[in-house]
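# Tertiary structure, described
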Amino acid sequence: MSECERAQRLSACHDGEVSEAERASLEAHLHQCPACASELARLGKLSHLLSTAPRPEMSAEALARLHRAADDMYMADLGRMAKALMAVAASILLVCAVWLWRSGASGEPIEPIPAWETAATAHEATLATASDEQLAQWIVLDLERKNGHD
Amino acid sequence: MTSESGQPQPPDATLLARACDGDRLAFRGLVDRYAHRLFAMAASLVGNRADAEDIVQETFAGAFRGLRAFEKRSSVKTWLTGILIRQAAMHRRRESRRGARLVPLAGAPEAGLHGPSPTAVVDARIDVMAAIRELSPDHREVIILREFEGLSYDQMAEVLGIPRGTVESRLFRARRQLQERLKEYLD
C-alpha cells in the first residue's frame with residue numbers, strides 16, 4: 001500500500017482519532033512500509049516543533065480593558081431591564097387612566113329610576129320613618145283582623 | 001480547580017449559571033479563566049495584538065449576549081472557541097474588504113507579538129509562527145485548534161461547523177504544507 005493511501009489516516013492515528021482496530025492495522029502496516037513509518041515520525045516531530053512556538057500573552061492592561069468592557073455590558077443590560085420595566089409600568093398606568101376616563105367621564109346621562117322601583121321602595125321608606133306609636137297601632141290592628149277571621 | 005491563592009474555583013457550569021442570574025463577578029471569573037487562552041488563539045489567527053484584543057472582546061460580548069441561550073451541550077471552552085473563530089472570520093472578511101494585508105510576510109513578524117529575538121531570522125520558533133501564518137485561514141484554524149488548543153476532531157467539527165471528515169482532510173493538508181515549509185527542522 002502506498003503512502004498516499006494511508007497518509008491521511010496516519011495523521012488521524014497520530015492524533016489518537018482512530019479506533020483500536022484501525023490503530024492495530026496501521027501499526028502492522030508500518031512494519032512493511034518505510035514511507036509511512038517515516039511519515040508518522042515526521043508528524044511527531046512537527047507536533048513537537050509546533051509546541052515550541054511562542055504563545056502570545058495578553059497584557060495586564062488588555063485584561064483590565066476586558067474587565068471594564070464586561071462590567072459595561074452588565075450595566076447596559078441592567079439599563080435595558082430598567083427601561084423595559086418602566087415601559088411596562090407606563091403601559092399599566094395608561095390602561096388604568098383610559099379605563100377611569102371611560103367609566104367616570106363618559107358624558108352619558110344618568111338613567112331615571114323606574115316607577116315600579118319608586119313605588120316598591122316607598123312603603124319601606126314609610127316604615128323606616130314611622131314612629132314607635134304608629135308601629136304599635138299597626139300591630140294591634142293586624143292582630144284584631146286575625147282574631148276576627150278566627 | 002484552584003486559584004493562585006489556593007482557593008477552590010467554581011467549575012465553569014457554576015460560573016455560567018451565576019452569570020446568567022446577573023452575577024457580574026461570575027462572568028468576570030469566566031473572562032479571567034479564558035481570556036489568555038483566547039487571546040493567544042486570536043493572535044495566532046490574525047497575527048497582531050490589537051486585532052486579537054478586539055476579537056477577544058467581541059468574543060466575550062457575544063458570549064454575554066448568548067449566555068441564556070447556551071444549551072450546555074458543549075463545554076464552555078468549546079463554546080467560547082467557536083465564538084472566537086466566528087469573530088476572527090468576521091474580522092478577516094472586514095479586513096479583506098478594506099484590502100488589508102492579513103498575513104505578515106514570513107520572517108517579518110510583527111513587533112511586540114513575539115518579543116525581541118536576537119536571532120529572529122534563524123530562530124525555529126519564529127519560523128514556525130511564520131509558517132503557520134502562511135497557511136490559508138482554514139488550514140491555520142485547524143492547526144491552531146489541534147496543535148495549540150488540543151481539541152478533538154469532534155470538537156473541531158463543532159467549533160468550525162464542518163463535518164469531521166473535512167476536519168481530518170484539512171488537518172492532513174495543513175500538516176503537509178507545514179512539513180514542506182519546515183523541512184529543515186524535521187529531516
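In this text, all values refer to a predicted model and were calculated from it rather than measured experimentally.

### Brief notes about the overall build of chain B
- A tally of helices and strands in chain B yields 9 helices and 0 strands.
- Counting from the amino terminus, helix and strand elements in chain B follow one another as α-α-α-α-α-α-α-α-α.
- Of the contacts made within chain B by residues no fewer than 6 positions apart, 59% connect residues no fewer than 24 positions apart.
- Summing over all exposed atoms, chain B offers an accessible surface of approximately 9,000 Å²; the carbon and sulfur share of this is 49%.

### Digging into the layout of surface pockets
Residue and element names in this part refer to chain B.
- Its boundaries defined by the atoms lining it, the second largest pocket holds a volume of some 230 Å³.
- Lining the second largest pocket are Ala69, Phe70, Glu71, Lys72, Arg73, Ser74, Thr78, Trp79, Gly82, Arg86, Glu158 and Val159.
- Among the elements of the structure, helix H4 (76-98) and helix H7 (153-160) are those that each provide at least two residues to the lining of the second largest pocket.
- The leading source of residues in the lining of the second largest pocket is H4, at 4 residues.
- Each residue belonging to the lining of the second largest pocket can be placed in one class, and the counts come to 4 nonpolar, 3 polar and 5 charged.

### Focus: the confidence of the model for chain B
All names here are of chain B.
- Considering every residue of chain B, the mean pLDDT works out to 84; 83% of them sit at 70 or more.
- Scored below 50 in pLDDT, residues 101-118 makes 28 contacts in the model with residues more than four places away or belonging to other chains.
- The ipTM assigned to the predicted complex is 0.77, against a pTM of 0.69.

### Digging into the interface of chain A and chain B
- Taken together, the contact pairs 36 residues of chain A with 52 residues of chain B.
- When chain A packs against chain B, the two sides together hide about 4,100 Å² of surface, and 59% of this comes from carbon and sulfur.
- Put simply, chain A and chain B have 9 salt bridges between them.
- Where Arg146 of chain B meets Asp15 of chain A, a salt bridge forms, and the shortest distance between an N and an O atom there is 3.1 Å.
- For the interface between chain A and chain B, the tally reads 18 residue pairs in polar contact (both at pLDDT 80 or more).
- Those elements that place two or more of their residues in the side of chain A that touches chain B are helix H1 (3-14), helix H3 (34-51) and helix H4 (60-104) of chain A.
- A total of 11 residues in the side of chain A that touches chain B trace back to one element, the largest contributor, which is H4 of chain A.

Conventions and cut-offs
Residues numbered from 1 in each chain as written. Chains lettered and ligands numbered in written order. Predicted model: local features only at pLDDT ≥ 70, side-chain atom pairs only at ≥ 80, totals over all residues. Heavy atoms only, no water. Helix = DSSP H or I, 4+ residues; strand = E, 2+ residues; numbered from the N terminus. Contact = heavy atoms within 4.5 Å. Areas by Shrake-Rupley, 256 points an atom, 1.4 Å probe, with all protein chains shown as cover. 1 Å grid on protein atoms, 1.4 Å probe; cavity = no way out; pocket = protein on both sides within 12 Å on 5 of 7 lines; lining within 4 Å. Points joined across faces, edges and corners; volume = space filled by probe spheres on them. Nonpolar A, V, L, I, M, F, W, Y, C, P; charged D, E, K, R; others polar. pLDDT = per-residue confidence, 0-100. Buried area = accessible area lost by both parts, 1.4 Å probe. Salt bridge = Lys/Arg side-chain N within 4 Å of Asp/Glu carboxyl O. Polar contact = N/O pair within 3.5 Å; in protein donor to acceptor, adjacent residues only side chain to side chain.

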